[in-house]
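Overview (structure and organization)
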Amino acid sequence: MYLIKSPLLLKWYYPSLLWNKSRTEKVIYLTFDDGPIPNVTDFVLKTLKVFNAKATFFCIGDNIVKHPEVFERVKNDGHAIGNHTFNHLKGWKTDNETYLQNTLKCQELTQTNLFRPPYGRIRKSQIKSLKSKVQSPKSDSRLKTTDSGLKIIMWDVLSGDFDIKLSPEKCYQNVIKHTENGSIIVFHDSLKAFDRLAYALPKVLAYFTERGFTFATL
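As the structure is a prediction and not an experimental result, all values here were calculated from the model.

A look at the nonpolar core
Of all hydrophobic cores here, the largest spans 32 residues; its most connected members are Leu30, Phe32, Leu48, Phe57, Phe187, Leu201 and Phe208. Every element with two or more residues in this core is listed here: β1 (27–33), α2 (40–50), β2 (56–59), α4 (68–76), α7 (168–178), β7 (184–188) and α8 (194–210). Ranked by residues supplied to this core, first place goes to α8 with six residues. Residue contacts for leucine 201: discarding those within four places in its chain leaves Leu30, Phe32, Phe43, Val44, Thr47 and Phe187. Counting 14 residues, the second largest nonpolar core, distinct from the first, contains Trp19, Tyr99, Leu100 and Ile127.

Structural data, given as structure tokens:
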């Protein structure tokens, strides 16, 4: 069970997390979780380039180690990088110290100020720990740790591409029906999601480009 549109109750309960950007501008923020993966991430990069679109990739540290050349292509194409832990840990089932150390291990590779919790599941105590102990590459180490600049990124539209029971067309419809100005949308550059991603992503890019939207990094 999962929700396509993030409910207001969740946004209220986690007010320090970023769920969407400005609703006044026709800008959409595509994000891709769980890569980098050969072929899948490459498909995403080629498709984004066709539409002159930029996106944010929340990478798993273990996949960066396995596929460094794909990771470099993502960066070289001008997309933003986010931390998605080293081993795709679920915060609700992981003790705080293990979660922090796993995130720090990924941070050594990503060197970013963006973090997304796998499955979107994270405790408030883990949020506090990450915001106070994970340094942004842009921060000054002499500043207080609370000035690290780490941003925890959620979403307001979930494509559902990870759901093998979901049709590619339904995945596409999920996005176009629920996206609005400033939406942060989740896709996955993973093998599991590829059938739905390959169908929906080009159509989503075409649909919103035709309507005057642009696609930016977080």
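Additional details are given in the paragraphs that follow.
Concerning the pattern of salt bridges
Going through the model one piece at a time under the given rule, you end up with ten salt bridges. With a shortest N-O distance of 2.8 Å, aspartate 33 and arginine 116 are connected by a salt bridge. Of this pair, aspartate 33 sits in strand β1 while arginine 116 sits in the loop between β4 (114–115) and α6 (124–133), and the two are 83 residues apart along the sequence. The pair formed by aspartate 33 and arginine 116 is uniform in burial state, with each residue classed as buried.

Concerning the environment of glutamine 111
Along the chain, glutamine 111 turns up in the loop between α5 (96–110) and β4. By relative accessible area, glutamine 111 is classed as partly exposed at 48%. Separated by 28 residues in the primary sequence, glutamine 111 and asparagine 83 place their C-alpha atoms 8.2 Å from one another.

Quick notes on the confidence of the model for the protein
Residues of the protein with pLDDT of at least 70 account for 93%, and the chain-wide mean is 93. Scored below 50 in pLDDT, residues 139–147 makes six contacts in the model with residues more than four places away or belonging to other chains.

Criteria and thresholds
Residues numbered from 1 in each chain as written. Predicted model: local features only at pLDDT ≥ 70, side-chain atom pairs only at ≥ 80, totals over all residues. Heavy atoms only, no water. Core = buried A, V, L, I, M, F, W, Y, C linked by side-chain atoms within 4.5 Å. Buried < 20%, exposed > 50% of the residue type's maximum accessible area, 1.4 Å probe, protein only. Helix = DSSP H or I, 4+ residues; strand = E, 2+ residues; numbered from the N terminus. Contact = heavy atoms within 4.5 Å. Salt bridge = Lys/Arg side-chain N within 4 Å of Asp/Glu carboxyl O. pLDDT = per-residue confidence, 0-100.

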